[in-house]
Amino acid sequence: MAYDWLKGIEDHYDIVVIGSGLGGLTGANVLAKCGHKVLLLEHHYQLGGLATWFTRKGGHIFDISLHGFPIGMIKSVRKYWSQNIADSIVQLKGVRFINPQFSIDTTFDREDFTRQLVEKFKVAAGTVERFFTDLRAMNFYDSNPETTGQMFARYFPGRDDVQRLLMEPIAYANGSTLDDPAITFGIVFSNFMSKGVYTFQGGSDMLIRKMAAELKKNGVEVRKHVVVEKILTEDHAGRKRVAGVVANGRAIRCDTVLSNSNIKNTVLRLAGEESFSPEFVAQAKAVRVNSSSCQVYLGIRKGETLPHIGDLVFTSEEPVFSSEKLVDLHTTSRTFSMYYPDTRPGSDRYTVVVSINAKYEDWNAMTPEQYAAEKERLIEESIAALERHIPDVRAKIEWREAATPRTIEYYTRHWAGTSFGTKFEGLKVSMDLPAQLPGLYHAGSVGIIMSGWLGTINYGVIVANQIDKALAAKKRAAVPASA
Amino acid sequence: MTKEDCKKLVIDIISDIAPDEDLTAIKPEVKLRDQLQLDSMDFLDIVMELRKRHGIEVPEADYSHLASLESCAEYLTPKFAAKA
Ligand SMILES: Cc1cc2nc3c(=O)[nH]c(=O)nc-3n(C[C@H](O)[C@H](O)[C@H](O)COP(=O)(O)OP(=O)(O)OC[C@H]3O[C@@H](n4cnc5c(N)ncnc54)[C@H](O)[C@@H]3O)c2cc1C
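Description of the structure in this document.

## Let's talk about the overall build of chain A
Secondary structure assignment for chain A yields 17 helices and 18 strands. In summary, chain A has a C-alpha radius of gyration of 23 Å against a globular reference of 23 Å for 483 residues, a match within 12%. Taken over 483 residues, chain A has a buried fraction of 59%. Per element, the accessible surface of chain A, about 19,500 Å² overall, is 54% carbon and sulfur. With 57 positive and 54 negative side-chain charges, chain A shows a spacing of 4 Å between the two charge centroids.

Below, the structure is given as structure tokens:
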């Protein structure tokens, strides 16, 4: 008989969290610390969602989404997890750009970018200052129709090169394009520019292990290998509300569901169209998802070393930046994330992860033979590109492997294998959810700004606060005021 | 509860949210954001802590009342009194 991954769970929880991405993990932790009874269900055999890693024969460990995040992570991790976890966050100082328009080394912060823009790109200091200050003042609730491309044209007219410097790293970080609202660029860019790029020393595995220990300490019941198939509703005073979930074929009752599954999956597949008004269903269907990614993982043989060529190296052979070209099947734009031994103190190993933005449709349409051949091409092209910076690297590579949008879909069940959640309109659908179906909440990459490690952690807290507020009101109503 | 007691409770909360800040010299009339490194997430934490520690609910529309220590005391003291 199959193992029962739900063995020993209770019949009822205050909150069931669907999914263990950073948004789900953080929401679960905050809610447990507020005193609620929380059950967290993850379909994969590992927690973390996209904040994940895998190991391969030969002692190779590959991190999927540990390339860099803004300094705000230190504060958020300290407040919503622990000081101990926050203590492992360190700066990555070697950010490089290599493309036909320019080659620069930078610490990727406001001070250094100002210097480069003024000295190297010859932009007037006043313009740079105004750009940074205006961006800093952007709010996500501002209703400004300007796109990122239009904004660049306003500050830096005719400057393809400046546009590339500003846009390329953010397009890798959140999948946004020149046609997305300017704030989707502005908020994320400002977060990075405040103090540069940071990483988690010890690797994704250590981060998730420490988070799991913290969840346990705070009383969250965590179960892996459990797929939530359905969100259950019941009629309450003439209105539908959440009553529980069906997971691995079993019904589990709860007052509230916090879904960390993609917003479109949550509305259209898990709760189902029948749970909402036709208008809301139409809104959810209209939400566009962001692009996806390919990655090439190169494991360096034990005993071999690599020279320090930077931590994050943004390379491209495209003559100018274009959002379309960046996701093209044959793009030459790649980010090399170089993992030196200090990624995992005590280790003497090197790995390289090459990230390439991609379109799900391209990869989903392939036959099995094409798929295998295209993955091999991706690996070959990535190694050839790396040889330009490390000529003898090929002979040092022991493990080579590629992931595609289909890999992401397989492991996270995300709609169209999206790496970066949804376009801006997804945020409204996510935030409106509890008003549409009482008891159902969503926290996870949406709206571009609520994505990335920092965005999803903070969004998990924002939504946990709404749940805590609703549950506290319910408890108050159930207990007479004088008691 | 006096307004001074209320300010103390708010400072207790802020000292946990922002342990690196020096809170001994806060000017009650000046916006907290203008004297401390507090962002919108920190204000959300203040709201959550008021609920958790004192059972006080601050509706979103009233978040602006948390701007300075003085306005906090003005807004929260009656709420504490209503609970007593
Ligand atoms: C290649 C790549 C590189 C990236 N690099 C960076 C980076 O350098 N810095 C950065 O800040 N961000 C990066 N990101 C983005 C960042 O990783 C994500 O935005 C963030 O981790 C997403 O968190 P989330 O809370 O939305 O949940 P996700 O990580 O998307 O997790 C959702 C979880 O829900 C589970 N789930 C879904 N449906 C069900 C179900 N029905 N039942 C049970 N479980 C379910 C999934 O298995 C998954 O574990 C990168 C992303 C990718 C793909």
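Still more ground to cover, so stick around.
## Points about the pairing of strand S13 (residues 292-300) of chain A
Residues and elements named next belong to chain A. Of all nine residues making up S13, nine are buried, and the element is well covered by its neighbours. By the alternation rule, side chains of S13 split into Ser292, Cys294, Val296, Leu298 and Ile300 and Ser293, Gln295, Tyr297 and Gly299, which are all buried. With eight bridges connecting them, S13 and strand S16 (residues 351-358) associate as antiparallel partners. Across the sheet, residue glycine 299 finds its bridge partner in S16, namely threonine 351. Taken together, the six bridges between S13 and strand S17 (residues 397-403) define a ladder with antiparallel strand orientation. Residue pairing in the sheet places leucine 298 in a bridge with arginine 400 of S17.

## Side note on the site of the ligand
All names here are of chain A. The local shell around the ligand holds 37 residues, among which Gly23, Glu42, Leu50, His414 and Trp453 are the closest. At 3.5 Å from an oxygen atom of the ligand is found a main-chain nitrogen or oxygen belonging to leucine 22. A distance of 3.3 Å is found between a nitrogen atom of the ligand and a backbone nitrogen or oxygen belonging to histidine 43. For the ligand, whose accessible area on its own is 1,000 Å², the fraction buried by protein is 96%. Contributions of two or more residues to the shell around the ligand are made by helix H1 (22-33), S13, helix H15 (405-412) and helix H17 (452-478). Residue composition of the shell around the ligand, grouped by class: 13 nonpolar, 22 polar and two charged.

## Re the interface of chain B and chain A
The interface is formed by 18 residues belonging to chain B together with 15 residues belonging to chain A. Each partner contributes to the roughly 1,300 Å² buried at the junction of chain B and chain A, and carbon and sulfur atoms together form 50% of this total. The largest per-residue losses of area from chain B upon contact with chain A belong to Met41(B), Met48(B) and Arg51(B), which jointly make up 40% of the total buried on that side. Taken together, the connections running from chain B to chain A amount to five salt bridges. We note a salt bridge from Asp42(B) to Lys79(A), for which the minimum N-O separation is 2.5 Å. The tally of links from chain B across to chain A stands at nine residue pairs in polar contact (both at pLDDT 80 or more). At the level of secondary structure, the elements contributing two or more residues to the side of chain B that touches chain A comprise helix H1 (3-17) and helix H3 (40-54) of chain B. When the residues that make up the side of chain B that touches chain A are grouped by side-chain class, the tally is eight nonpolar, two polar and eight charged.

## Focus: empty space enclosed by the protein
One water molecule sets the probe size; rolling that probe over the atoms shows where empty space is left. Residues and elements named next belong to chain A. Under the criterion given, the structure shown has three cavities of 30 Å³ or more. Looking at the largest cavity, its volume works out to about 80 Å³. Lining the largest cavity are 15 residues, with Asp328, Leu329, Thr331, Ile356 and Leu378 sitting closest to its centre. Broken down by class, the residue content of the lining of the largest cavity amounts to seven nonpolar, three polar and five charged. Around the second largest cavity, the lining residues are Ser430, Met431, Pro434, Tyr441, His442, Tyr459, Val463 and Gln466. Breaking the lining of the second largest cavity down by element, the ones donating at least two residues are helix H16 (425-436), strand S18 (440-442) and H17.

What counts, and at which threshold
Numbering of residues starts from 1 in every chain and runs along the sequence as written. Working convention: letters from A go to chains and numbers from 1 go to ligands, in the order in which they are written. Residue-level local features of this predicted model are given only where pLDDT is at least 70; pairs of side-chain atoms are given and counted only at 80 or more, and the full residue set underlies all totals for whole chains, interfaces and linings. Excluded from the side-chain calculation are hydrogens and water; included are all heavy atoms of the structure. The helix and strand labels rest on DSSP assignments: H or I over at least four residues marks a helix, E over at least two residues marks a strand, and numbering proceeds from the N terminus. Only C-alpha atoms enter the radius of gyration; for comparison, a globular chain is expected to reach 2.2 Å times N to the power 0.38, where N is the number of residues. Only protein chains enter the accessibility calculation, which uses a 1.4 Å probe. A residue is then buried if its area is under 20% of the maximum for its type, exposed if over 50%, and partly exposed in between. Using a 1.4 Å probe, accessible areas were evaluated by the Shrake-Rupley method; residue-level cover was limited to the displayed protein chains. The sign given to each residue is positive for Lys and Arg and negative for Asp and Glu; His and the chain ends receive no count. Where a charge lies is defined by one atom per residue type: Lys uses NZ, Arg uses CZ, Asp uses CG and Glu uses CD. When DSSP finds two or more bridges between a pair of strands, those strands are recorded as paired. Any residue with a heavy atom positioned within 4 Å of a molecule or strand is treated as near that molecule or strand. For the purposes of these results, a polar contact is taken to be a pair of N or O atoms within 3.5 Å, where, inside protein, one atom must be able to donate a hydrogen and its partner to accept one; residues adjacent in sequence count only when each atom of the pair is a side-chain atom. In the scheme used here, Gly and all other residues not listed as nonpolar or charged are polar, with Ala, Val, Leu, Ile, Met, Phe, Trp, Tyr, Cys and Pro taken as nonpolar and Asp, Glu, Lys and Arg as charged. Whether two residues are in contact is decided by their heavy atoms: any pair within 4.5 Å suffices. Summed over both partners, the accessible surface that disappears when two parts come together, traced with a 1.4 Å probe, is what is meant by buried area. Salt bridge criterion: a side-chain nitrogen from Lys or Arg within 4 Å of a carboxyl oxygen from Asp or Glu. Of the grid points, spaced at 1 Å and generated over the protein atoms alone, those admitting a 1.4 Å probe that cannot get out make up cavities, while open sets with protein on both sides within 12 Å along at least five of seven lines make up pockets; any residue with an atom within 4 Å of a point is treated as lining. Grid points are joined across faces, edges and corners, and a volume is the space filled by probe spheres set on the points.

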